[in-house]
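For reference, the chains in residue letters:
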Amino acid sequence: MPYSDEQIKELEQKAKKIRRLIVQMITKAGSGHPGGSLSSTDLITCLYFAKFRHRPQDPKWPGRDRFHMSKGHCCPLWYAILAENGYFNINELWNLRKMGSILQGHPDWRTPGVDIASGSLGQGLSIALGMSLAEKMDNGNYRIYCLLGDGEIQEGQVWEAAMAASHYKCDNLCAILDYNGYQIDGKISEIMGLEPVVDKWQAFGWHTIKINGHDIRQILQAFDQAEKMKGKPSIIIAQTIKGKGVSFMENVVDFHGRAPTAEEGKTALEELK
Amino acid sequence: MSKMMMARDVYGETLLELGCEDRNIVVLDADLSGSTRTAKFSKVFPERFFNMGVAEQNLIGTAGGLAICGKTVFVSTFAIFASGRAWDQVRNTIVYNKLNVKIVATHAGLTVGPDGASHQAIEDMALMRVLPDMVVMVPCDGPQTKDIIRAAAAYTGPVYIRMGRPKVPTIEGKPGFQMGKAEILREGKDISIIACGTMVKKSLDAAGFLAGENKQAQVINMHTIKPIDKQAIINCAGKTKKIVVCEEHMITGGLASAVSEVLSEFAPVLMERIGVRNKFGQSGNPDNLLKKYNLTTEDIVKACHKLL
């Protein structure tokens, strides 16, 4: 499907707005995970604002597409997107990580638009697989998307699920790998290398689509390609930059799980104008 | 001689009945469908059965995904894998989200026998009982297995059901099953024996022996470990002042712990515990293992003597 320059521009602007919300939320909360939220912002913005079939006023609508954020620590991104879609009042974002808030430190059922909790890494692809099997059984006519972190796929359960999803020919399932190259302790390649990551997924029977995870057009085309693929699940392997959009956070592992100070938050918002 | 049945045989048959009655029931197994008896369901309803291979973490996670899409999911594997290998998945995917998943674990306890310690789950009740709002049930015989499986299907939310490998004798004259309600199988004023699973029949035998000594033991089948029937325990304490708890499980974390938690808070009385004491199991035939680990009728009698 061809996408107009105007549509691309609009999504870029939307992603910038989401990034601003992420920075504001985490700064205000005083803790959280900016690095991975910012690296997958373009991917999930494109998904929710260009591809996703859903009804924010009816979050449990049975025909909705499913999204599961397996790398749950990046939920500020998800919350910002849900709020922008009207799932809840945008002011809720300022209660992130507070006691009694509908926006927990890791996603759970308190949040309208979140089906199921995540946070313990490696479990999400299995959940998405279960959703995929249910869709096939019910001819539900919806698609299932699952966001994985690159550090996360060091978990063995991910590969159990990968094996099963191709065994059961889950072509309604599209995984998205946010390959930003960093995990908490440092560079992926130094902590526990993943390469050759494309070959690994292919060997497990998946259709792989490698893209630049900050190129809106490439992202949209990848989702389209995944949807067309029959007989096997697809994974979009997106090369991204951790902390994307804020110069002093980009590729700085410290910002995996540290909130910006008030001063840093201000500077970041200047950059994201 | 009472009828002997394998709980898992009854499970397989009941699952098939439920599958006929309710199209919403989906069954998952992890390469043990022959042993857990889910194979019976799989042959009749292949489109509603998924064998996930030797991958228990994914087994539980996939069950969660199906449940969130509205399915009633029965998941089976051996107790050691369901409760141990996949504990984090049970906690974070199933129980935290209050999903409608029934984990039916077979081959629990020492009576797995020759397979040895690696396969003898004697910690599973502890691991499952600690999870908020998890329902934990243990049938004492074949017919009760059917009651429990049906009760689990009718209940909305996560359930763990524990059953053993070998045949167990049917206990006649039980009252009608009710989840969370202890069954008084025999009345007595001198001592209470509270048991679950395979130890219920042995407790009745012990009470029979004690009757010959003019001691009246009452026997309680505590088929629901969680939520535990507090009132039944308090009543036992009030009536007999002495309690023996019997389980084919570690004496820590399981039924004995659940009972002692209630007693220490509401009605402290002396109690004895029959169970595995801070040890792993080993290979052997089930009866010899039960002797070796002091889980026999004689051991229950001895424990009662200690208190009487």
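None of the values given here were measured: they were computed from a predicted structure.

Participant: Break down the interface of chain B and chain A for me, with residues and values.
Facilitator: Chain B puts 22 residues into the contact, and the matching count from chain A is 19 residues. Within the residue set of the side of chain B that touches chain A, elements represented by two or more residues are helix H4 (56-68) and helix H6 (87-95) of chain B. Sorting elements by how many residues they give to the side of chain B that touches chain A places H4(B) first, with 9 residues. Residues belonging to the side of chain B that touches chain A are distributed by class as follows: 8 nonpolar, 11 polar and 3 charged.

Participant: If you had to explain unusual backbone geometry to someone new, which residues and values would you point to?
Facilitator: In this structure, A:Pro196 follows A:Glu195 across a cis peptide bond, with omega equal to 0°. Relative to the helices and strands, A:Pro196 is located in the loop between helix H7 (188-191) and helix H8 (197-203). Looking along the chain, the bond that leaves B:Lys226 and enters B:Pro227 is cis, with omega of -5°. The topology assignment puts B:Pro227 in the loop between strand E12 (224-226) and helix H10 (230-240). Of note, the phi angle at A:Asn139 is positive, near 45°, even though the residue is not glycine. Judged by C-beta crowding, with 6 C-beta atoms within 10 Å, A:Asn139 ranks as exposed. Despite not being glycine, A:Lys169 shows a phi value in the positive range, around 50°. Among the structural elements, A:Lys169 can be located in the loop between helix H6 (156-167) and strand E3 (173-179).

Participant: So what's going on with the nonpolar core? Which residues, and what values?
Facilitator: Counting 185 residues, the largest nonpolar core has A:Ile176, A:Ile236, B:Ile193 and B:Val244 as the members making the most contacts within it. Non-local contacts of B:Ile193, meaning those with residues more than four positions away in its chain, are made with B:Ser203, B:Ala206, B:Ala207, B:Ala217, B:Val219, B:Ile220, B:Val244, B:Cys246 and B:Ile300.

Participant: Which residues make up the sheet that holds strand E13 (residues 242-250) of chain B, and what values do they have?
Facilitator: Residues and elements named next belong to chain B. Taken together, the 5 strands give an open sheet; going across it, the order is E9-E11-E10-E13-E14, and neighbouring strands pair in mixed fashion. One side of each edge strand has no neighbouring strand; the edge strands of this open sheet are strand E9 (183-186) and strand E14 (270-276). On average, each strand axis in the sheet is tilted by 25° relative to the strand beside it, whichever way the strands run. Relative to strand E11 (residues 217-221), E9 runs antiparallel, the two sharing 3 bridges. Residue pairing for E11: Arg 186 is matched across the bridge by Val 219. The strands touched by helix H9 (residues 199-211) within the sheet are E9, strand E10 (191-195), E11, E13 and E14, with E11 carrying the most contacts at an inclination of about 170°.

Participant: Can you explain the pairing of strand E1 (residues 66-69) of chain A? Please cite residues and give values.
Facilitator: All names here are of chain A. Residues of E1 alternate between two faces, with Arg 66 and His 68 on one and Phe 67 and Met 69 on the opposite face, all of them buried. With 4 bridges joining them, E1 and strand E2 (residues 144-149) adopt parallel strand pairing. Along E2, the bridge assignment pairs Arg 66 with Ile 144.

Participant: Tell me about the packing of helix H1 (residues 5-29) of chain A against helix H3 (residues 41-51) of chain A, and name the residues and values.
Facilitator: All names here are of chain A. Put simply, H1 and H3 touch, their axes get as near as 9 Å, and they point 120° apart. When the axis of H1 is compared with that of H3, the two are oblique. Viewed along their axes, H1 and H3 form a crossing whose handedness is right-handed. On H3, the residues touching Leu 11, Lys 14, Ala 15, Ile 18, Arg 19 and Ile 22 of H1 are Thr 41, Asp 42, Thr 45, Cys 46, Phe 49 and Ala 50. Of the residues belonging to the contact of H1 with H3, the class tally is 7 nonpolar, 2 polar and 3 charged.

Participant: Would you mind going over the sheet that holds strand E5 (residues 101-106) of chain B in detail, with residue names and values included?
Facilitator: All names here are of chain B. Strand order in the open sheet formed by 7 strands is E3-E2-E4-E5-E7-E6-E12, with mixed pairing between adjacent strands. The open sheet terminates on both sides in strands that have one partner only, identified here as strand E3 (49-51) and E12. Between one strand axis and the next, the sheet turns through 20° on average, direction left out of account. Pairing between strand E2 (residues 25-29) and strand E4 (residues 72-78): 5 bridges, direction parallel. Looking at E4, one finds that Val 26 is bridged to Val 73. The strands touched by helix H1 (residues 7-21) are E2, E4 and E5; relative to E2, the strand with the most contacts, the crossing angle is about 145°.

Here is what the cut-offs are and how they apply
- Residues numbered from 1 in each chain as written.
- Chains lettered and ligands numbered in written order.
- Predicted model: local features only at pLDDT ≥ 70, side-chain atom pairs only at ≥ 80, totals over all residues.
- Contact = placed C-beta atoms within 7 Å.
- Helix = DSSP H or I, 4+ residues; strand = E, 2+ residues; numbered from the N terminus.
- Nonpolar A, V, L, I, M, F, W, Y, C, P; charged D, E, K, R; others polar.
- Buried ≥ 20, exposed ≤ 12 C-beta atoms within 10 Å, placed from the backbone.
- Core = buried A, V, L, I, M, F, W, Y, C linked by C-beta atoms within 7 Å.
- Pairing = 2+ DSSP bridges.
- Axes fitted to C-alpha atoms, helices over the stretch in contact; angles between N-to-C directions.
- Parallel < 35°, antiparallel > 145°, perpendicular 65-115°, else oblique.
- Left-handed = near helix turned anticlockwise from the far one by under 90°.

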